[in-house]
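Secondary and tertiary structure notes
Letter by letter, the chains look like this.
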Amino acid sequence: MDRVIAVRNTKTVYRDGDKCVKVFNEDYSKADVLNEALNQARIESTGLNIPKIMEVTMVDGKWAIVSEYIKGKTLAQLMAENPEKKDEYLELLVKLQLEVQSRTCPLLNKLKDKMNRKISATGLDATTRYDLHTRLEGMPKHNKVCHGDFNPSNIIIAEDGTPYIIDWAHVTQGNASADAARTYLLFWLDGDIDGADKYLDLFCKMSNTAKQYIQKWMPIVAASQSVKGNEKEREFLLSWVNVVDYE
């Protein structure tokens, strides 16, 4: 394989000619690898611009997903290189997210089910968990495609200017505002508070959504995300769980 593109806690991504090879750690769940490949294949059928899956295989005894390699730069790289264009890039980010959420894909897992499972797995006390489960159940049920990790580093702008959306490991179907709350928190986790606020304003404006409605999702999304990530991230996310009610 030609070169390493990215290294994460549980996987390493390589480029191999015109292919992108995501190799998972030995102890990574086989079911999760196959589920990610299946999710990506299902999203391909929605017509969104994403790298096509080519195969699921083994590399040196580890599971790997092989997909098309898209030559270009991530939106995060472009933002870092051209800070004066940040607003323009944020607008593109929201536009792409709304395009994702305009699709439906009936065979995907349901966002609410996933969140309920994750809230149950947090170390939060029973009263807080009950409150979060109740709030989640009270939220409107939708069936829009929700990426689950929508941020500038998961958008690649190809050399001809075409945007591609990558990393569909967390995709579900559900309420678009939950996905927006997740993106907002990802900006915060990255230390970009200004970007977080600008993103939220743009999302609300372009989707005609009340900011208070997305804010109501914040504690629920933060709690369900707190089960993964390092101690510092967990601490930060859990601080959002107890934020005052945006009633």
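Right above here is the structure, for reference.
Residues numbered from 1 in each chain as written. Predicted model: local features only at pLDDT ≥ 70, side-chain atom pairs only at ≥ 80, totals over all residues. Heavy atoms only, no water.

1. Regarding the overall build of the protein chain
What the protein chain contains, in helices and strands, is nine helices and ten strands. For the C-alpha atoms alone, the extent of the protein chain along its principal axes is close to 55 × 40 × 35 Å. Across the 247 residues that make up the protein chain, the buried fraction comes to 47%. Put simply, 64% of the contacts in the protein chain that link residues at least 6 apart link residues at least 24 apart. Here the protein chain displays about 12,500 Å² of accessible surface, and carbon together with sulfur accounts for 49% of that area. A gap of 3 Å separates the mean positions of the 33 positive and 36 negative side-chain charges of the protein chain. (Helix = DSSP H or I, 4+ residues; strand = E, 2+ residues; numbered from the N terminus. Buried < 20%, exposed > 50% of the residue type's maximum accessible area, 1.4 Å probe, protein only. Contact = heavy atoms within 4.5 Å. Areas by Shrake-Rupley, 256 points an atom, 1.4 Å probe, with all protein chains shown as cover. Lys, Arg positive; Asp, Glu negative; His and termini not counted. Charge placed at Lys NZ, Arg CZ, Asp CG, Glu CD.)

2. Description of the pattern of salt bridges
Between side chains of opposite charge, pairing is possible as soon as their charged atoms come close. All chains considered together, the criterion is met by eleven salt bridges. For D201, the salt bridge goes to K211, with nearest N and O atoms at 2.6 Å. Taken together, the residues span a long stretch of sequence, with D201 in helix α7 (residues 193-207) and K211 in helix α8 (residues 211-225) at a distance of ten residues. Given the relative accessible area of 39%, D201 is considered partly exposed. Linked by salt bridges that have partners in common, K22, E36 and D167 make up one network. (Salt bridge = Lys/Arg side-chain N within 4 Å of Asp/Glu carboxyl O.)

3. Things to note about a negative patch on the surface
On the surface, D2, D16, D18 and E68 cluster together into a negatively charged patch. Checked against the element boundaries, D2 lands in the segment before β1 (3-7). Residue classification places D2 among the exposed residues on the basis of a relative accessible area of 53%. (Patch = residues over 30% accessible without salt bridge, like charges linked within 9 Å, V, L, I, M, F, W, Y side chains within 5 Å.)

4. Some thoughts on the packing of helix α6 (residues 176-189) against helix α9 (residues 231-241)
Close contact between α6 and α9 brings their axes to 11 Å; oriented N to C, the two are set at 130 degrees. Here α6 lies oblique to α9, going by the angle between them. Pair α6 / α9 crosses with right-handed handedness. Taking contact as the criterion, the partners of Y184, L185, W188 and L189 in α6 are, on α9, E233, F236, L237 and W240. (Axes fitted to C-alpha atoms, helices over the stretch in contact; angles between N-to-C directions. Parallel < 35°, antiparallel > 145°, perpendicular 65-115°, else oblique. Left-handed = near helix turned anticlockwise from the far one by under 90°.)

5. Some remarks on the nonpolar core
W168, L185, Y199 and W217 are the most contacted members of the largest nonpolar core, which has 52 residues in total. No other element matches the seven residues that α8 contributes to this core. If we skip the residues at most four places from it in the chain, W217 touches M115, L136, M139, N175, S177, A178 and A181. Counting residues in each nonpolar core, the second largest holds five residues, with V21, V23, V59 and V66 among its members. (Core = buried A, V, L, I, M, F, W, Y, C linked by side-chain atoms within 4.5 Å.)

6. Structural notes on the environment of S153
Mapped onto the elements, S153 comes out in the loop between β7 (144-146) and β8 (155-158). Since its relative accessible area comes to 30%, S153 is described here as partly exposed. Separated by 14 residues in sequence, S153 and D167 place their C-alpha atoms 9.6 Å apart. Among all residues touching S153, those that are not within four sequence positions of it are T74, A76 and I166.

7. Considering the packing of aromatic side chains
All told, the structure shown has seven aromatic pairs when counted by the stated rule. The interplanar angle of 85 degrees and the centroid separation of 5.9 Å between the aromatic rings of Y184 and W240 together place this pair among those described as edge-to-face. Residue Y184 is found in helix α6, and its partner W240 is found in helix α9; the two are separated by 56 residues along the sequence. An aromatic cluster is present here, built from Y184, W188, F236 and W240 joined pairwise through their rings. (Phe/Tyr/Trp six-rings, centres within 6.5 Å; stacked < 30°, edge-to-face > 60°.)

8. Some words on α6
In this model α6 runs 20 Å from its N-terminal to its C-terminal C-alpha over 14 residues, within 8% of the 20 Å that 1.5 Å per residue would give. Within α6, twelve of the 14 residues are buried, which leaves it mostly tucked inside the rest of the structure. Near the N-terminus of α6, the side chain that reaches the backbone nitrogen of S177, with its oxygen 2.9 Å away, is that of N175. One or two positions beyond α6, positive phi appears at G191, with a value near 80 degrees. (Expected span 1.5 Å × (residues − 1). Polar contact = N/O pair within 3.5 Å; in protein donor to acceptor, adjacent residues only side chain to side chain.)

Interpretation in functional terms is not warranted from these geometric data alone.
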